[in-house]
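# A structural walkthrough
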Amino acid sequence: EEPLRLLADATGSLIARARAFAELHRLHQRFLGLFHAMPDGALLVNRDGIVDLANPAAERVLMVRPRELAGAPLERFVPEAQALLEWLFDCSAGSATHRGRLRRADGEVRDVEWRVNQLEGEGDRAVICTVHDRTDELRETAALRTLAVAVGAMRDGVTLVDHEGIVRFVNQAAARMHGYGDPAELVGCSVGELVPAEFAAEFARLLPVMREDGWSGEAKARHRDGHVFPVQLAVSPIRLDDDHVST
């Protein structure tokens, strides 16, 4: 009976280990699935600054071939790798961000934002960090800022009106034309307030048509003090995402 009991105990132990191994394998596969599906670039980085694992999004950000990142040092792609590595392992807040630059495989330097999550049970041996390329966003923001400055400085009056007839933007020339010192005073008001009362109904009827097809010609506008003055008006429809805006 003793040998049988020992055999039964050993068999039970092996079965338990096999089940634990199977569960561990399942969790590992689930982790890999989630890791590789992340929309932002994700890297598993160890304390020595070596990339242990990278998802496809990270490979696209850095423009490298599949699995080329595994085993690569951060300093190959990050000009200030040591500073980033110190931040990755000293940062305890999962929502904290670090902005810097990285160098792609083609040599182009890009502006990026890093986020970090420390792995439970790994202590300070490894972290998962995500990298988001901000270069195009920064360029678009700079271009929009330049455009806003240029439109704001135009001698002709420019007004942006949304699909509900609400003023979203007025440059300085348009504000002065209507008797306002600060363009912000007009933002949020109805464009109908800039039209003489006797033309308000006709303007409201034509506004949807002008938003779709545009219009140009002579018109009348209303000054802040109530007097009416002639203007040469040009309406151009533009689209911002799913919103219609007219100028």
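Now for a quick tour of the structure. These figures come from a predicted structure and were not determined experimentally.

### Focus on empty space enclosed by the protein
- This structure, assessed with the given rule, holds 1 cavity of 30 Å³ or more.
- For the largest cavity, the calculated volume is near 50 Å³.
- If you trace the largest cavity, you find it lined by Leu-43, Val-51, Leu-62, Leu-69, Leu-74, Phe-77, Val-78, Leu-102, Trp-114 and Val-131.
- In terms of residue class, the lining of the largest cavity is built from 10 nonpolar, no polar and no charged.

### Points about the layout of surface pockets
- By volume, the largest pocket amounts to about 930 Å³.
- Secondary structure elements with two or more residues in the lining of the largest pocket: strand 6 (159-162), helix 5 (172-177), helix 6 (200-213), strand 8 (215-222) and strand 9 (228-235).
- A total of 6 residues in the lining of the largest pocket trace back to one element, the largest contributor, which is helix 6.

### Section: the pairing of strand 7 (residues 167-170)
- Here 3 bridges tie strand 6 to strand 7, and the two strands are oriented antiparallel to one another. Directly across from Val-161, in strand 7, lies its bridge partner Val-167.
- Between the antiparallel neighbours strand 6 and strand 7 lie 4 residues, among them Gly-165 with a positive phi of about 80°.

### Observations regarding the side chain of Glu-113
- Here Glu-113 lies in strand 4 (residues 109-118).
- At 3.0 Å, the side chain of Glu-113 and the side chain of Arg-99 are in polar contact.
- When sequence neighbours within four positions are dropped, the list of residues in contact with Glu-113 reads Thr-97, His-98, Arg-99, Thr-130, Val-131, His-132 and Arg-134.

### Description of the pattern of salt bridges
- Tallied over the entire structure, the rule returns 12 salt bridges.
- Notably, a salt bridge pairs Arg-99 with Glu-113, separated by 3.0 Å at the nearest N-O pair. Here Arg-99, found in strand 3 (residues 97-103), pairs with Glu-113, found in strand 4; they are 14 residues apart in sequence, far enough to count as distant.
- Owing to a relative accessible area of 53%, Arg-99 belongs among the exposed residues under this scheme.
- Residue classification places Glu-113 among the buried residues on the basis of a relative accessible area of 14%.
- As a salt-bridge pair, Asp-162 and Arg-168 come within 3.8 Å of each other at their nearest N and O atoms.
- Among the residues examined, Arg-168 registers a relative accessible area of 38% and is labelled partly exposed.
- Connected through salt bridges with shared partners, the residues Arg-104, Asp-106, Glu-108, Arg-110, Asp-133, Asp-136 and Arg-139 form a single ionic network.

What counts, and where the lines are drawn
- Residues numbered from 1 in each chain as written.
- Predicted model: local features only at pLDDT ≥ 70, side-chain atom pairs only at ≥ 80, totals over all residues.
- Heavy atoms only, no water.
- 1 Å grid on protein atoms, 1.4 Å probe; cavity = no way out; pocket = protein on both sides within 12 Å on 5 of 7 lines; lining within 4 Å.
- Points joined across faces, edges and corners; volume = space filled by probe spheres on them.
- Nonpolar A, V, L, I, M, F, W, Y, C, P; charged D, E, K, R; others polar.
- Helix = DSSP H or I, 4+ residues; strand = E, 2+ residues; numbered from the N terminus.
- Pairing = 2+ DSSP bridges.
- Polar contact = N/O pair within 3.5 Å; in protein donor to acceptor, adjacent residues only side chain to side chain.
- Contact = heavy atoms within 4.5 Å.
- Salt bridge = Lys/Arg side-chain N within 4 Å of Asp/Glu carboxyl O.
- Buried < 20%, exposed > 50% of the residue type's maximum accessible area, 1.4 Å probe, protein only.

Everything listed is a geometric property; what it means functionally is a separate question.
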